[in-house]
Amino acid sequence: MPNKYKRTVGSRHYKNYTEHTLQRCLLAVKTKQMTQREAEKAFKIPRRTIINKLKAHHIQPVGRPTVFTEPEEKNFVGNIHVMSEYGFPIDKTDLKFIIKSYLDRNGRHVKFFKNNLPGRTWTDNFIERHKTLSVRLASNIKRSRASVNAETLTEYINNLKITLSDVDPQNIYNYDETNLTDNPGQKKVLVKRGSKYPERICNTSKVSISLMICGNAVGDILPPYVVYKAKGLWENWTEHGPKGCRYNATTSGWFDANVFTDWFNNTLLRHLKKKPGKKVVILDNLSSHLTPEVIEKCKENDIYFVCLPPNSTHLTQPLDVALFHPMKMAWRKILGEWKGTTNGLKNPILQKQSFPGLLKKLLDVLEPTLKTTLQNGFRKCGIFPCGVEELLNRLPNALNASSSVDESFIEHLKVKRAETTQPTTKRKKIKVPAGTSYAHVNEESSDIDANISAEAILINTNGESSSVYDIDDCPVTSDGKYTVNNFVIVNYLNNMYPGIITSIDVDGAIVKSMEKTKAFYKWPIKEDTMFYKWSDTLMKIKPPVFVIRGYFKVVELDEYTT
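Bear in mind the structure is a predicted one, so any value in this text is a computation, not a measurement.

(A) The confidence of the model for the protein chain, seen in detail. Residues at a pLDDT of 70 or more form 80% of the protein chain, whose mean pLDDT is 82. Predicted confidence for residues 442-479 stays below pLDDT 50, and this span has 65 contacts to residues more than four positions away or in other chains.

Spelled out as structure tokens, the structure:
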């Protein structure tokens, strides 16, 4: 780790001054406010130092020179910024290998690096030197979200401009669902240095309560709509909450079509009926929201729904972009405080009867900045004022390799952006008898299990593979009946067995027989080959069907015996 200790002024007998004090001293001497000797006494800086600084002697920074020049390091920093904008921010390990690639590409060798790979100290010092870089936790988004491009957003905004051309901003609404969880998150605490696993006693659970939030482009917000996960609704679950808030309950705790219709009728529609003129409601394209009843009432009240482009809500949904993050940060703080109260300490989970009061407190905390936050969200999403510039500014720009530094970063980016989707293949269900296991057949194996396929390959008497024949296509002898490699059923002591003909005589054939094991047949370890008369050769059959690990099923024999 880099040494982050900073020496305090006066702790040693040389350079007992700050850079600011030195500049003041030099300015006083240059403007002839003081002589060099007077400045030496006033600022407590040696006269020799003042002379050297005035003559630009010894101006290099103290310590070992950096491995890379200042332009090179600035180029590294710029490319790190671009990578982050692309949605593929690099970590410290990535940076090390990019630097190694850059050095190898230019044929340079740095003796301080092992095989041109920087160490942890250099990486930490590099980040420390450049204050525009910081190490942060990154949230994950799917590749489908990262694939949203400028063409999609431009087309969306062009269509939106036509829809909003004659709409007042107070009639432009956006709604979205979110949830508040029973987990205040981690908190930094004071512990003894060296403690590996500090813990804090705080009850948490996986309980979450769904909310529907709706606001417009001028910053007005509608009362929230709460959905509990329960089979019924109790009165004390609805007390002391925000004014106008409505409550419901579902077995899943999510918004379904019925709950959404209730919210639309009793919250959104009741509010929009008071607004004159055309109203536009912007939503994600969740199909459960658009029920026939909702669409019919929208036609009656001059309400238009506008769906956002797929996988783009992190860019185009005002509530996602501006409101939900600060709301959940404030919720964690409020929930953490409640966990320290008497009710919070004695209850292992967040009680539903306590939630309305906490929700009201949350909205009160957000109230001072709520209007501005919503307005900024609609602006940043290009809705009001309607324009695509704000959206395009949040998309990564194309990378152009202008130097070997850029090429090293682009090479790393191509690996990150490479398609990893595997081609879909049809699955084939394996019929495994109860109590038995399965081993995948290796096509290159030479044993019986590997060479005997379910429908393609068979084993003859010499252990060589031969193709499967259908009954009607089997080669026959001059008498038109049997030939070598035909599968047949033979009668031995009034018991029937499947087998394969290995050779033919006038009176009969030599057959290599299979043995029965419960419901299936298999080739015995000790080869069972003997001569059967044509009278004991009952019928020609299809090749046995491979089941698993050397076991076969003989369909004709099962039918014959039944």
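What follows picks up the thread again.
(B) Representation of the sheet that holds strand β9 (residues 487-492). Strand order in the open sheet made by the five strands is β14-β11-β10-β9-β15, with antiparallel pairing throughout. If you trace the sheet from one side to the other, it starts and ends with β14 (529-533) and β15 (537-541), each paired once. Neighbour-to-neighbour, the strand axes of the sheet open up by a mean angle of 45 degrees, direction not taken into account. Relative to strand β10 (residues 495-504), β9 runs antiparallel, the two being bridged by six bridges. Each residue of the ladder has a partner; that of Phe-487, found in β10, is Ile-500.

(C) Structural view of the sheet that holds strand β4 (residues 246-250). Strand order in the open sheet made by the six strands is β4-β3-β2-β1-β5-β6, with mixed pairing throughout. A single partner strand is all that each edge strand has here, and the edge strands are β4 and β6 (303-307). Here the strands of the sheet are splayed against their neighbours by 25 degrees on average, with no regard to which way each runs. Two elements, strand β1 (residues 172-181) and strand β2 (residues 208-216), share nine bridges in a ladder whose sense is antiparallel. In the strand pairing of β2, Asn-174 is matched with Gly-215.

(D) Region of the structure containing helix α3 (residues 47-54). Every buried residue belonging to α3 is among Thr-49, Ile-50, Ile-51 and Asn-52, and all of these are buried. Buried residues belonging to α3 abut α1 (19-30) and α2 (36-43). Taken from the residues just after α3, Ala-56 is the one with a positive phi, measuring 60 degrees.

(E) Representation of the pairing of β9 within the structure. Judged from the four bridges that link them, β9 and β15 form a sheet pairing that is antiparallel. Across the sheet, Val-490 pairs through a bridge with Thr-537, a residue of β15. Linking β9 back to β10 in an antiparallel pair, the connection comprises two residues, with Leu-493 at a positive phi of about 55 degrees.

(F) Broad picture of the packing of α1 against α2. Running from N to C, α1 and α2 cross one another at 155 degrees; their axes reach a closest spacing of 10 Å. Taken together, the axis directions place α1 and α2 in an arrangement best described as roughly antiparallel. Note on packing geometry: the crossing formed by α1 with α2 is right-handed. Listed contacts from α2 to Thr-21, Arg-24, Cys-25, Ala-28 and Val-29 of α1 are Gln-36, Ala-39 and Phe-43. Residues that form the contact of α1 with α2 fall into these classes: five nonpolar, two polar and one charged.

(G) Quick peek at the environment of Lys-74. By secondary structure assignment, the location of Lys-74 is in helix α4 (residues 70-85). Separated by 56 residues in sequence, Lys-74 and His-130 place their C-alpha atoms 8.6 Å apart.

(H) Quick peek at unusual backbone geometry. In the segment running from Phe-384 into Pro-385, the intervening peptide bond is cis, with an omega of -10 degrees. Within the fold, Pro-385 resides in the loop between α14 (355-380) and α15 (389-392). Of note, Lys-32 is a non-glycine position whose phi angle comes to about 60 degrees, a positive value. Within the fold, Lys-32 resides in the loop between α1 and α2. For Asn-116, which is not glycine, the phi dihedral falls at a positive 65 degrees.

(I) Representation of the packing of α1 against α3 in the model. Closest axis-to-axis distance for the α1/α3 pair is 11 Å, and the angle between their directions is 75 degrees. Comparing their axes, α3 and α1 come out roughly perpendicular. Mapping the contact onto sequence places Leu-22, Cys-25, Leu-26, Val-29 and Lys-30 in α1 and Ile-50, Lys-53 and Leu-54 in α3. Grouping the amino acids of the contact of α1 with α3 by side-chain chemistry returns six nonpolar, no polar and two charged.

(J) Quick look at the pattern of salt bridges. In total, this model carries 14 salt bridges according to the counting rule given. Two residues, Glu-293 and Lys-297, come together in a salt bridge whose shortest N-O distance is 3.4 Å. A residue pair is termed a helical-turn pair when its members lie 3 or 4 positions apart in one helix, as Glu-293 and Lys-297 do in helix α10 (residues 292-300) at four residues. For Glu-293, a relative accessible area of 41% gives the class partly exposed. Residue Glu-515 is joined to Lys-522 by a salt bridge in which the shortest nitrogen-to-oxygen separation is 4.0 Å. You can call Glu-515 partly exposed: its relative accessible area is 31%. What makes Lys-522 partly exposed here is its relative accessible area of 23%.

(K) Focus on the packing of aromatic side chains. The final tally for this structure, using the stated rule, is 19 aromatic pairs. With 5.3 Å between their ring centres and 5 degrees between their planes, Tyr-482 and Trp-534 make a pair best called stacked. Separated by 52 residues along the polypeptide, Tyr-482 in the loop between β8 (465-467) and β9 and Trp-534 in the loop between β14 and β15 bring together distant segments of the chain. Of the residues examined, Tyr-482 reaches a relative accessible area of 4% and is grouped as buried. Through a chain of ring-to-ring contacts, three or more aromatic side chains come together here, namely Phe-68, Phe-76, Tyr-102, Phe-113, Trp-122 and Phe-126. Its guanidinium or amino end placed over the ring of Phe-112, Arg-64 lies 4.2 Å from that ring's centre, counting from NZ or CZ. In this structure, Lys-278 is placed above the aromatic ring of Tyr-304, and the distance from its NZ or CZ to the ring centre is 4.7 Å.

So, how was this worked out
- Residues numbered from 1 in each chain as written.
- Predicted model: local features only at pLDDT ≥ 70, side-chain atom pairs only at ≥ 80, totals over all residues.
- Heavy atoms only, no water.
- pLDDT = per-residue confidence, 0-100.
- Contact = heavy atoms within 4.5 Å.
- Pairing = 2+ DSSP bridges.
- Helix = DSSP H or I, 4+ residues; strand = E, 2+ residues; numbered from the N terminus.
- Axes fitted to C-alpha atoms, helices over the stretch in contact; angles between N-to-C directions.
- Buried < 20%, exposed > 50% of the residue type's maximum accessible area, 1.4 Å probe, protein only.
- Parallel < 35°, antiparallel > 145°, perpendicular 65-115°, else oblique.
- Left-handed = near helix turned anticlockwise from the far one by under 90°.
- Nonpolar A, V, L, I, M, F, W, Y, C, P; charged D, E, K, R; others polar.
- Salt bridge = Lys/Arg side-chain N within 4 Å of Asp/Glu carboxyl O.
- Phe/Tyr/Trp six-rings, centres within 6.5 Å; stacked < 30°, edge-to-face > 60°.
- Lys NZ or Arg CZ within 6 Å of the ring centre and 35° of its normal.

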